[in-house]
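Listed below are the residues making up each chain.
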Amino acid sequence: MTEVFVCSAAELGEGSVKVVAAGSREIGVIRRKGQCYAYLNQCPHQGGPVCEGVRIPKVETVLNDELQFFGHTFSEDVDHIVCPWHGYEYNLETGVCVGDAGLQLKRYELVEREGGIYVVI
Ligand code: FES
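**Structural notes on the nonpolar core**
Next up, step 1: By size, the foremost hydrophobic cluster in this structure holds 14 residues, and its most contacted members are Val6, Leu12, Ile27, Ala38, Tyr108 and Val119.
Next up, step 2: Among the secondary structure elements, those contributing two or more residues to this core are strand E1 (3-8), strand E2 (17-22), strand E3 (25-32), strand E4 (35-40) and strand E9 (116-120).
Next up, step 3: Not counting chain neighbours up to four residues away, the residues in contact with valine 119 comprise Thr2, Glu3, Val4, Val6, Ile27, Ala38, Tyr108, Glu109 and Leu110.
Next up, step 4: Grouped together as the second largest cluster of nonpolar side chains are 13 residues, Tyr37, Tyr39, Cys43 and Leu92 included.

Here it is, written out as structure tokens:
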């Protein structure tokens, strides 16, 4: 396994994304709510640059006690990343596609040490 330097930890601020070349592939490193995630910057749908998409909270349906629709709200716990090409949404923590569980982003391990962030390929 090889570690590829991404950037300094300070450079990857809250909500930001850094895309790095790692051999023949691009990997996107995303910091959201203090956590860092690394995914191949290639959407499993048709290859779009998924890591460059917006990150948004999951939209949840609100039901009343009789299970009647009561509106929508944004999740405080679950975030999605939205592919900029066709809008497929992926769970940021797991990489699984929200609309098709058979699609999943390829995830990479990250290492933080001595003020730097490295992706393991
Ligand atoms: S290529 Fe990502 S949604 Fe189509």
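Following the structure, the description resumes.
**A closer look at the confidence of the model for the protein chain**
Next up, step 1: Averaged over all residues, the pLDDT of the protein chain is 96; the fraction at 70 or higher stands at 100%.
Next up, step 2: Here strand E5 (residues 55-63) is the element of the protein chain with the lowest mean pLDDT, 95, and strand E7 (residues 89-91) is the one with the highest, 98.

**Side note on the sheet that holds E5**
One key point about sheets: their strands pair by backbone hydrogen bonds, in either a parallel or an antiparallel sense.
Next up, step 1: Taken in spatial order, the three strands make up an open sheet running E5-E6-E7, and their pairing is antiparallel. Sheet topology places E5 and E7 at the edges, where each strand pairs with a single neighbour. Averaged over all adjacent pairs, the angle separating strand axes in this sheet is 50°, with direction ignored.

**Details of the pairing of E2**
Next up, step 1: Pairing geometry for E2 and E3, over six bridges, is antiparallel. Among the inter-strand pairings, alanine 22 is bridged to a residue of E3, identified as arginine 25.
Next up, step 2: Linking two consecutive strands that pair antiparallel, namely E2 and E3, is a turn of two residues; a positive phi of about 70° is found at glycine 23 within it.

**Some details on the environment of cysteine 83**
Next up, step 1: Inspection of the secondary structure assignment puts cysteine 83 in the loop between strand E6 (69-82) and E7.
Next up, step 2: Residue class for cysteine 83 comes out buried when judged on its relative accessible area of 4%.
Next up, step 3: Placed 41 residues apart in sequence, cysteine 83 and glutamine 42 show a C-alpha to C-alpha distance of 9.2 Å.
Next up, step 4: Leaving out residues up to four positions away in the same chain, cysteine 83 has contacts with Cys43, Gly48, Val50 and Tyr88.

Rules used in this analysis
- Residues numbered from 1 in each chain as written.
- Predicted model: local features only at pLDDT ≥ 70, side-chain atom pairs only at ≥ 80, totals over all residues.
- Heavy atoms only, no water.
- Core = buried A, V, L, I, M, F, W, Y, C linked by side-chain atoms within 4.5 Å.
- Buried < 20%, exposed > 50% of the residue type's maximum accessible area, 1.4 Å probe, protein only.
- Helix = DSSP H or I, 4+ residues; strand = E, 2+ residues; numbered from the N terminus.
- Contact = heavy atoms within 4.5 Å.
- pLDDT = per-residue confidence, 0-100.
- Pairing = 2+ DSSP bridges.
- Axes fitted to C-alpha atoms, helices over the stretch in contact; angles between N-to-C directions.

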